[in-house]
Amino acid sequence: MDFNMKKLASDAGIFFTRAVQFTEEKFGQAEKTELDAHFESLLARADSTKNWTEKILRQTEVLLQPNPSARVEEFLYEKLDRKVPSRVTNGELLAQYMAEAASELGPTTPYGKTLIKVAEAEKHLGAAERDFIHTASINFLTPLRNFLEGDWKTISKERRLLQNRRLDLDASKARLKKAKAAEAKATLWNDEVDKAEQELRVAQTEFDRQAEVTRLLLEGISSTHVNHLRCLHEFIESQTTYYAQCYRHMLDLQKQLGSSQGAIFPGTFVGTAEPTSPPLSSTSPTTTAATMPMGPSVADLAPPGEAALRLEEVAPPASGTRKARVLYDYEAADSSELALLADELITVYSLPGMDPDWLIGERGNKKGKVPVTYLELLS
């Protein structure tokens, strides 16, 4: 009991001494040991890393799960160390509604058939989104959380210890200074000065040791950056895969709807979409087929079993032509295509059996196939 009481009294005395030292420093009444410029730079870099990691983590969570209630629920499950219940994505829910609507309104009607096709595409989009969220959470969010809840907590703990060691050191310096001043006035014995000097040496040793420990942890932030860089690359890879899958699914759906639309509404102008951004460019040979639409050859313009059409013999359809503004420069792949320059106006039209992603374009006496995604069709 006596030992515990003495320890509590000692701890209280140390706390009081540190509080007095800290207060006097704030009011400019006590000297403060300053850390060197390199150490201060490491501290600022660590604080910046922590702050930006928190912001990136929170915003990525919003990107992957825009619903704040769902995010709170997932957070609670994580803190309780329980598995987060499976949740359908918005795309999957939309697919379910469309399939049910088709079943009730008539799956053999044109509208019902289209609903089924769109529902299937939305189902694929939802599944792709689910895979993307899962991959991004494991490869990107988890490492960021591990840093904030692991390494950063360790750094913060050692920094607090360093702060306490510095306060003890400066308090020892102040006591020694007072002891020497009192000795000069012959009011203290030499052993009081010796005691103060011994306390200062101990405080200095503990401060130096803690400063070295903290410095090594702060320098480890460079390794943290390397790890986060690798995780960032993995996040972008998963995002690229996700958007490539979405593009492929929607391109397939667009082709299906384009062919069925021509059968339901004869004479309807094909390819009326007006994109706001250039088509996806491939990032590697393995994703080219999934991300880039391939244009048909001249033979693709002809109905099955007939000879390929000659472009110079192609005449505008009876349904008429339209004007289109070119959004981006386009270099013709072969003689059957028409090269384009951004912002120029050309005349376009479609032919029966033609790929809905392409149109016939005319500029003066030049004629050739042009990709719809490079055009803004004008009314």
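Provided above is the structure to which this section pertains.
A few points on the structure. (Residues numbered from 1 in each chain as written. Predicted model: local features only at pLDDT ≥ 70, side-chain atom pairs only at ≥ 80, totals over all residues. Heavy atoms only, no water.)

Before going further, it helps to spend a moment on the pairing of strand S3 (residues 358–363). For S3, the tally of buried residues reaches 5 of 6 residues, placing the bulk of the element in the interior. Summarising the sheet, strand S2 (residues 345–349) and S3 pair through 3 bridges and their orientation is antiparallel. Note that in S3 the partner of Thr-347 across the bridge is Glu-362. Pairing of S3 with strand S4 (residues 366–371) involves 6 bridges; the strand directions are antiparallel. Across the sheet, residue Leu-359 finds its bridge partner in S4, namely Val-370. If you look at the hairpin formed by S3 and S4, you'll find 2 residues sitting between the two strands, and Gly-364 has a positive phi there, around 65 degrees. (Buried < 20%, exposed > 50% of the residue type's maximum accessible area, 1.4 Å probe, protein only. Helix = DSSP H or I, 4+ residues; strand = E, 2+ residues; numbered from the N terminus. Pairing = 2+ DSSP bridges.)

This paragraph deals with helix H2 (residues 37–64). Because the α-helix completes a turn every 3.6 residues, residues three or four places apart line up on one side. Its 28 residues give H2 an end-to-end C-alpha distance of 40 Å, which sits within 8% of 40 Å, the value for a rise of 1.5 Å per residue. Residues of H2 that are buried include every one of Phe-39, Leu-42, Leu-43, Ala-46, Thr-49, Thr-53, Leu-57, Thr-60, Glu-61 and Leu-64, and no others. The backbone nitrogen of His-38 lies 3.1 Å from a side-chain oxygen of the residue at the head of H2, namely Asp-36. (Expected span 1.5 Å × (residues − 1). Polar contact = N/O pair within 3.5 Å; in protein donor to acceptor, adjacent residues only side chain to side chain.)

Let's shift gears to helix H4 (residues 90–105). Over its 16 residues, H4 extends 22 Å from the first C-alpha to the last, a length consistent with the 22 Å expected when each residue adds 1.5 Å. Downstream of H4 by one or two residues, Gly-106 has phi in the positive range, about 120 degrees.

Within S2, 4 of the 5 residues are buried, which leaves it mostly tucked inside the rest of the structure. Strand direction decides the pairing type here: strand S1 (residues 322–326) and S2, joined by 4 bridges, are antiparallel. Its bridge partner being in S2, Lys-323 is matched across the sheet by Thr-347.

Now for the nonpolar core. Formed by 33 residues in total, the largest nonpolar core has its most connected members in Phe-39, Phe-132, Phe-140 and Leu-218. The set of elements that each furnish at least two residues to this core consists of H2, helix H5 (110–184), helix H6 (190–219) and helix H7 (221–264). With 15 residues, the top contributor of residues to this core is H5. By size, the runner-up hydrophobic cluster in this structure holds 21 residues, among which are Ile-346, Tyr-349, Leu-351 and Met-354. (Core = buried A, V, L, I, M, F, W, Y, C linked by side-chain atoms within 4.5 Å.)

This part takes up the sheet that holds S4. The strands making up a sheet are joined through hydrogen bonds of the backbone, oriented either antiparallel or parallel. The strand order across the open sheet formed by 5 strands is S4-S3-S2-S1-S5, and the pairing between neighbours is antiparallel. Edge positions in the sheet fall to S4 and strand S5 (375–377), since each of these pairs with one other strand and no more. Shown here is a sheet whose adjacent strand axes are inclined to one another by a mean of 40 degrees, direction ignored. (Axes fitted to C-alpha atoms, helices over the stretch in contact; angles between N-to-C directions.)

Below, the discussion takes up a nonpolar patch on the surface. Where nonpolar side chains cluster on the molecular surface, the patch consists of Val-72, Phe-75 and Leu-76 and spans about 280 Å² of accessible area. Tracing the sequence through the fold places Phe-75 in helix H3 (residues 68–79). (Patch = residues over 30% accessible without salt bridge, like charges linked within 9 Å, V, L, I, M, F, W, Y side chains within 5 Å. Areas by Shrake-Rupley, 256 points an atom, 1.4 Å probe, with all protein chains shown as cover. Salt bridge = Lys/Arg side-chain N within 4 Å of Asp/Glu carboxyl O.)

Here the focus is the environment of Asp-334. Examined against the element boundaries, Asp-334 turns out to sit in the loop between S1 and S2. Accessibility expressed as a relative area gives 39% for Asp-334, which makes it partly exposed. For the pair Asp-334 and Lys-369, spaced 35 residues apart in sequence, the C-alpha to C-alpha distance is 9.8 Å. At 2.4 Å, the side chain of Asp-334 forms a polar contact with the side chain of Ser-336.

Okay, the packing of aromatic side chains next. Per the counting criterion, the structure on display carries 8 aromatic pairs. A ring pair is formed by Phe-147 and Trp-152, whose centres lie 6.3 Å apart and whose planes are at 50 degrees; its orientation type is tilted. The buried category is assigned to Phe-147, whose relative accessible area is 3%. For the ring pair Tyr-242 and Tyr-243, a centre distance of 5.2 Å and an interplane angle of 45 degrees mean the geometry is tilted. Exposure remark for Tyr-243: the relative accessible area of 45% places this residue in the partly exposed category. Clustering of aromatic rings is evident, with ring pairs tying together Phe-132, Phe-140, Phe-235, Tyr-242 and Tyr-243. Here Lys-55 stacks its cationic end above the ring of Trp-52, 4.5 Å away from the centre of that ring. Residue placement shows Lys-369 over the ring face of Trp-358; its charged tip is 5.6 Å from the ring centre. (Phe/Tyr/Trp six-rings, centres within 6.5 Å; stacked < 30°, edge-to-face > 60°. Lys NZ or Arg CZ within 6 Å of the ring centre and 35° of its normal.)

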